[in-house]
Amino acid sequence: MKKLTIIRYIAGAFLLCAVTAGCNKDFLEKKPLTEYEETDVWKDVGLVQAFVNDLYVQMRPGFLEVMLSSMTDESRFIHDYNTSRVVQGNASADDVGAINDFARWDLHYKAIRNCNMFLEKIADVPITDENLRTRMTGEVHFMRAWYYHMLVRYYGGVPLITKTFNIKGDEQEILSVKRATFDECIKFIAAECDLAAQQLPASYEAAAGKGRVTKGAALALKSRILLFAASDLFNDAKVPNDLMGYKSGSQKDRYKLAMDAAKVVMDLNTYSLYQPAANPTDNYTRVFLDKDNPELIFVKQYDKALLGTSHDLYNGPNGYHNWGGNVPIENFVTGYQMKDGTAFSWSNAAQAKAPYENRDPRFYATILYDGAKWKPRPSDAAKVDPVGVIQTGKYEAPNGKDSVWGLDTRNSVIENWNGTYSGYYLRKFMDKNLDAQFFRGDQNWIFLRYAEILLNYAEAAMGYGDEAGGRTVLNQVRQRAGMPATTASGADLWAVLKYERRYELAFEEHRFFDARRWRDAETVFNENAKGIEVLGSQIAGHPFVYHVYSIQDRKFNKAKNYLLPLPANEIRKNSNLKQQEDYK
């Protein structure tokens with residue numbers, strides 16, 4: 001008799017929101033006190049609910065020590081952990097580097113197997129509340145769609161496994177599994193989302209429902225995957241095979257499907273752009289800090305009492321005894337527009353003299369730069385900086401002869417090993433009221449939010465040919481951010497759309513996929529990572545000087561790096577799995 005190790009928490013005391021980042025473990029992830037026979041699990045409603053709950057636990061949040069942004073032109077991870085292999089285009093089927101922690105072939109298929117098992121067993125579980133049976137079934141259909149959508153975004157067409165295998169009786173079938181086409185995968189995921197939407201509630205009344213997926217979440221996921229499928233990368237006449245994109249059909253029709261899917265979410269009238277304050281920087285900041293705000297569609301919640309998230313510790317400045325891990329790079333920072341919607345340029349003398357003035361309001365909610373007012377320093381640093389201002393430069397001393405290094409540099413007198421290489425730190429998601437050296441945060445990790453849906457609609461409408469409709473919705477996002485509405489059309493409007501996705505959704509794990517699906521990665525990911533050298537002064541009236549310089553070599557191989565190679569060990573186990581063309 002097989003045993004099923006699933007009871008990681010007591011269902012009656014279940015707190016869905018409580019998971020931690022990185023290697024921290026809370027009670028949801030502790031080993032069980034005992035194991036249950038598999039047949040017993042499907043006889044007990046509480047154990048079945050625990051089984052479903054565990055599918056949420058297995059979802060990877062973005063608040064890990066290494067962020068996916070550091071495999072893009074958003075940031076650099078200063079401790080490396082093999083991230084350099086990814087950004088320098090050196091990933092192989094045997095060693096994909098740090099990106100394996102995100103692509104998670106094995107872990108995603110384990111979660112999919114659990115989804116399949118649930119769907120095979122749920123009809124026979126003795127449940128008196130049929131609404132509960134229906135809701136749990138909807139949750140699992142969503143989860144199966146979620147895990148497949150993660151695989152498809154990294155690999156293209158993957159094996160569509162919808163049943164559990166008996167290891168001792170199904171060896172031949174297991175070893176004959178083939179990759180489904182890209183088209184088949186997209187249709188499967190969309191269908192799973194539809195099933196989930198039919199079975200899930202629009203909302204939950206009880207607190208126990210917090211953090212669970214809803215009808216809106218299922219429809220939002222459908223919107224995301226259909227826009228992904230409509231993108232240029234998968235609708236290129238030169239696509240090598242039907243595992244890596246479409247060999248027939250109309251891209252315009254696919255944009256229409258994506259547009260309609262986003263419109264369904266909009267027409268729910270459940271979600272809205274969050275604007276609790278008059279200041280657009282505050283509005284943007286609070287999207288990621290205020291609980292239960294109307295922009296949130298699906299999030300992973302945290303609880304400080306259960307260790308919470310270490311995002312602030314992982315990424316805060318070293319002058320606050322934080323680790324300064326994923327630091328924004330100048331490639332990303334330069335791209336922020338001026339507040340009037342014009343481009344920033346280091347070639348503009350006035351802008352280069354004061355590069356952090358009058359930028360897109362989201363800049364101030366996302367980036368910690370030299371001179372940014374932050375929060376009180378810890379006691380040992382407060383003697384040097386009683387105000388709490390970010391110091392990433394080298395400054396002329398008051399005597400006019402000596403130089404003083406900033407507290408947040410790699411020559412800091414506080415810590416000199418966790419300092420930034422780029423001259424910047426991440427501000428987004430940070431709780432400025434938290435002393436991250438000693439305490440953990442409870443910010444949500446947002447999987448799906450309404451701004452993404454509006455941007456999905458705008459892009460799909462533009463691709464379909466409805467520029468005016470796309471522009472109108474695009475401007476909703478732009479104006480919430482305090483930026484002027486655009487009147488652009490054609491290629492200029494596409495540039496605004498790409499700008500909005502890049503800066504509205506920054507560090508939310510979109511850039512890795514967006515730059516690829518637009519086929520922009522071979523340009524933007526092929527540039528070396530850059531930082532800023534700040535030479536300042538503690539003498540009033542003396543100017544600051546800024547120098548942009550290279551901090552990391554980067555390379556993007558357009559023949560190989562758009563999709564990840566299937567893990568070599570999977571190919572060795574099953575020769576029927578077809579490797580990506582350029583990795584054979």
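Residues numbered from 1 in each chain as written. Predicted model: local features only at pLDDT ≥ 70, side-chain atom pairs only at ≥ 80, totals over all residues. Heavy atoms only, no water.

## Remarks on the overall build of the protein
Link 1 in the chain: Check the secondary structure of the protein and you find 22 helices and twelve strands.
Link 2 in the chain: Rg of the C-alpha trace for the protein: 24 Å, near the compact-globule value of 25 Å for 584 residues, within the 12% margin.
Link 3 in the chain: With the principal axes as the frame, the protein shows a C-alpha extent of 80 × 55 × 50 Å.
Link 4 in the chain: Split into buried and exposed, the 584 residues of the protein put 58% on the buried side.
Link 5 in the chain: Of all intrachain contacts in the protein linking residues separated by at least 6 positions in sequence, the fraction that spans at least 24 positions is 70%. (Helix = DSSP H or I, 4+ residues; strand = E, 2+ residues; numbered from the N terminus. Rg over C-alpha atoms; globule rule 2.2 N^0.38 Å. Buried < 20%, exposed > 50% of the residue type's maximum accessible area, 1.4 Å probe, protein only. Contact = heavy atoms within 4.5 Å.)

## Digging into the pattern of salt bridges
Link 1 in the chain: One pass over the structure, following the stated rule, counts 39 salt bridges.
Link 2 in the chain: Across the pair Arg 480 and Glu 504 runs a salt bridge, and its minimum N-O distance is 3.0 Å. With Arg 480 in helix α18 (residues 467-480) and Glu 504 in helix α19 (residues 490-504), the pair connects residues that are 24 residues apart, well separated along the chain.
Link 3 in the chain: On the accessibility criterion, Arg 480 (3% relative accessible area) is buried.
Link 4 in the chain: Because the salt bridges share partners, they merge into one network encompassing Glu 295, Asp 360, Arg 362, Lys 428, Arg 449, Arg 478, Arg 480, Glu 500, Glu 504 and Glu 508. (Salt bridge = Lys/Arg side-chain N within 4 Å of Asp/Glu carboxyl O.)

## Overview of the state of the cysteines
Link 1 in the chain: Applying the stated criterion to the full structure yields zero disulfides.
Link 2 in the chain: Free cysteine: Cys 115, not disulfide-bonded; nearest cysteine sulfur from Cys 193 at 12 Å.
Link 3 in the chain: Cysteine Cys 185 is unpaired, with the sulfur of Cys 193 as its nearest cysteine sulfur at 13 Å.
Link 4 in the chain: On the accessibility criterion, Cys 185 (0% relative accessible area) is buried. (Disulfide = S-S within 2.5 Å.)

## What to know about the confidence of the model for the protein
Link 1 in the chain: Residues at a pLDDT of 70 or more form 93% of the protein, whose mean pLDDT is 92.
Link 2 in the chain: When the elements of the protein are averaged for pLDDT, strand β1 (residues 3-4) gives the smallest value, 48, and helix α17 (residues 450-464) the largest, 99.
Link 3 in the chain: Across residues 1-34 the pLDDT falls below 50, and counting only partners more than four positions away or on other chains, this stretch makes 93 contacts in the model. (pLDDT = per-residue confidence, 0-100.)

## Some details on helix α5 (residues 105-121)
Link 1 in the chain: Relative to the 24 Å expected for 17 residues at 1.5 Å per residue, α5 spans 25 Å between its end C-alpha atoms, a close match to the ideal helical length.
Link 2 in the chain: For α5, every residue scored as buried is listed here: Trp 105, His 108, Tyr 109, Ala 111, Ile 112, Cys 115, Asn 116, Met 117 and Phe 118. (Expected span 1.5 Å × (residues − 1).)

## A look at helix α10 (residues 251-267)
Link 1 in the chain: For α10, which comprises 17 residues, the first-to-last C-alpha distance of 24 Å matches the rise-based estimate of 24 Å (1.5 Å per residue) to within 8%.
Link 2 in the chain: Turning to α10, its buried residues are Arg 254, Tyr 255, Ala 258, Met 259, Ala 261, Ala 262, Val 265 and Met 266. For α10, the angular spread of the buried residues around the axis is 160°, confining them to a single face.
Link 3 in the chain: Those residues of α10 hidden inside the fold are in contact with α9 (215-230), β4 (296-300), α17, α18 and α19.
Link 4 in the chain: Of the residues flanking the end of α10, it is Asn 269, one or two places downstream, whose phi is positive at about 55°. (Arc of directions from axis to C-beta.)

## Notes on the side chain of Thr 285
Link 1 in the chain: Relative to the assigned elements, Thr 285 resides in helix α11 (residues 280-287).
Link 2 in the chain: Assessed through its relative accessible area of 13%, Thr 285 is described here as buried.

## What to know about the sheet that holds strand β7 (residues 394-396)
Link 1 in the chain: Pairing is mixed in the open sheet, where four strands are placed in the order β8-β7-β11-β12. Only two strands of the sheet have a single neighbouring strand rather than two, namely β8 (403-405) and β12 (545-552). Direction aside, the axes of adjacent strands within the sheet are offset by 25° on average.
Link 2 in the chain: Here three bridges tie β7 to strand β11 (residues 529-537), and the two strands are oriented parallel to one another. When the bridges of β11 are listed, Lys 394 appears paired with Leu 535. (Pairing = 2+ DSSP bridges. Axes fitted to C-alpha atoms, helices over the stretch in contact; angles between N-to-C directions.)

## Re the packing of aromatic side chains
Link 1 in the chain: Under the criterion given, the structure shown has 46 aromatic pairs.
Link 2 in the chain: Considering the side-chain rings of Phe 182 and Tyr 246, the 5.3 Å spacing of their centres and the 85° angle between planes classify their relative orientation as edge-to-face. Of the two residues, Phe 182 sits in helix α8 (residues 182-199) while Tyr 246 sits in the loop between α9 and α10, which places them 64 residues apart along the sequence. Across the pair, exposure class does not vary: Phe 182 and Tyr 246 are buried alike.
Link 3 in the chain: A ring pair is formed by Trp 346 and Tyr 546, whose centres lie 6.2 Å apart and whose planes are at 45°; its orientation type is tilted. Of this pair, Trp 346 sits in the loop between α13 (330-334) and α14 (349-353) while Tyr 546 sits in strand β12; the two residues are 200 residues apart in sequence, bridging distant segments of the chain.
Link 4 in the chain: According to the relative accessible area criterion, Trp 346 is partly exposed, its value standing at 23%.
Link 5 in the chain: Positioned over the ring face of Tyr 421 is Arg 76, at 4.3 Å from the centre of the ring.
Link 6 in the chain: Here the guanidinium or amino end of Arg 410 rests over the ring plane of Tyr 421, the centre of that ring lying 4.1 Å away. (Phe/Tyr/Trp six-rings, centres within 6.5 Å; stacked < 30°, edge-to-face > 60°. Lys NZ or Arg CZ within 6 Å of the ring centre and 35° of its normal.)

## What about the environment of Arg 427?
Link 1 in the chain: Checked against the element boundaries, Arg 427 lands in the loop between β9 (425-426) and β10 (445-449).
Link 2 in the chain: Beyond its immediate stretch of four places on either side in the chain, Arg 427 contacts Thr 285, Tyr 364, Ala 365, Thr 366, Ile 367, Leu 368, Trp 374 and Lys 432.

## Points about the packing of helix α6 (residues 130-155) against α8
Link 1 in the chain: Two elements in contact, α6 and α8, have axes whose closest approach is 8 Å; the angle formed by their N-to-C orientations is 155°. Accordingly, the angle class assigned to the pair α6 and α8 is roughly antiparallel. Crossing angle aside, the handedness with which α6 passes α8 is left-handed. Note on element contacts: α8 touches α6 through Phe 182, Cys 185, Ile 186, Phe 188, Ile 189, Glu 192, Cys 193, Leu 195, Ala 196 and Gln 199, opposite Thr 134, Arg 135, Thr 137, Gly 138, His 141, Phe 142, Arg 144, Ala 145, Tyr 148, His 149 and Val 152.
Link 2 in the chain: Per-class residue counts for the contact of α6 with α8 are twelve nonpolar, six polar and three charged. (Parallel < 35°, antiparallel > 145°, perpendicular 65-115°, else oblique. Left-handed = near helix turned anticlockwise from the far one by under 90°. Nonpolar A, V, L, I, M, F, W, Y, C, P; charged D, E, K, R; others polar.)

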